[in-house]
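Structural features, examined
These are the residues of each chain, in order.
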Amino acid sequence: DTAVSQTPKYLVTQMGNDKSIKCEQNLGHDTMYWYKQDSKKFLKIMFSYNNKELIINETVPNRFSPKSPDKAHLNLHINSLELGDSAVYFCASSQGLDRNYEQYFGPGTRLTVT
Amino acid sequence: GQQVIQIPQYQHVQEGEDFTTYCNSSTTLSNIQWYKQRPGGHPVFLIQLVKSGEVKKQKRLTFQFGEAKKNSSLHITATQTTDVGTYFCAVRSNFGNEKLTFGTGTRLTIIP
């Protein structure tokens, strides 16, 4: 059984388009995250939700809008895509906000903007 | 913001050689976690260190937390081809911020 799943796995699109990435976890976790990993492998947090409530909102362009319909799902919508948005986007979850909980990552979505 | 630097950025070793990556923070840490990301894969949690000077072992992997809780190391003895990947430390500061900050990563390649 997949613990954290993301769709799609690959996404190729043109500049200016709007796209969404979906994430679901079946671990019963309260907290979910979106990370961006660039070509140099740097992993940066973008957003964090706890029980559907936005907890962390890093310095991310407002073209990126997360949505959490329930605590098992965290989707990411991106408007007006730019070349610099090309990256691998990882969804992750953890049991809760406690600092001792590890994070479980999804397989990633490789976004290529042309 | 918090800076977490890992050195080296890249490491190529012959199979059977040892490997060490170091994680250095600019602030005192609450705890530190280590993750491994295989090529084309996603980060997978390895271990967490909490106490000053703590040492933990997982088979050929040895993890250490510095006495001042500002740095950590991961040492792999007698590397195997399955050790290939990028190793990340991930930290939280002592200031109550729940955000997990990932280090810059060390990419390990093994020469068979």
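Computed from a predicted structure; not experimentally measured.

On a plain count of helices and strands, chain B comes out with 0 helices and 11 strands. Along its sequence from the N terminus, chain B presents helices and strands in the succession β-β-β-β-β-β-β-β-β-β-β. Relative to the globule expectation of 13 Å for 112 residues, the C-alpha radius of gyration of chain B, 13 Å, shows essentially globular dimensions. By principal-axis analysis of the C-alpha atoms, chain B measures approximately 45 × 25 × 20 Å.

This part covers the pattern of salt bridges. Residues and elements named next belong to chain B. Using the criterion set out here, one finds 5 salt bridges over all chains in the structure. Between Asp-83 and Arg-60 there is a salt bridge, and its shortest N-O distance comes to 2.9 Å. Highlighted residues: Asp-83 in the loop between β8 (71-76) and β9 (85-93) and Arg-60 in the loop between β6 (55-58) and β7 (61-65), separated in sequence by 23 residues. For Asp-83, a relative accessible area of 4% puts it in the buried group. Its relative accessible area of 22% is what places Arg-60 among the partly exposed residues.

Counting across every chain of the model gives 2 disulfides over all chains. Two residues, A:Cys23 and A:Cys91, share a disulfide whose sulfurs are 1.8 Å apart. Given an S-S torsion of about -75 degrees, the disulfide between A:Cys23 and A:Cys91 has left-handed geometry. Residue A:Cys23 is found in strand β3 (residues 19-25), and its partner A:Cys91 is found in strand β9 (residues 87-94); the two are separated by 68 residues along the sequence. Taken individually, A:Cys23 and A:Cys91 each receive the classification buried, so the pair is uniform in this respect. Paired through a disulfide, B:Cys23 and B:Cys89 show a sulfur-sulfur distance of 2.0 Å. Between B:Cys23 and B:Cys89, the S-S torsion sits near 75 degrees, and that sign places the bridge as right-handed. One end of the pair, B:Cys23, is in strand β3 (residues 19-25); the other, B:Cys89, is in strand β9, with 66 residues separating them in the sequence. With a relative accessible area of 1%, B:Cys23 lands in the buried category.

Each value, and the rule that gives it
Residues numbered from 1 in each chain as written. Chains lettered and ligands numbered in written order. Predicted model: local features only at pLDDT ≥ 70, side-chain atom pairs only at ≥ 80, totals over all residues. Heavy atoms only, no water. Helix = DSSP H or I, 4+ residues; strand = E, 2+ residues; numbered from the N terminus. Rg over C-alpha atoms; globule rule 2.2 N^0.38 Å. Salt bridge = Lys/Arg side-chain N within 4 Å of Asp/Glu carboxyl O. Buried < 20%, exposed > 50% of the residue type's maximum accessible area, 1.4 Å probe, protein only. Disulfide = S-S within 2.5 Å.

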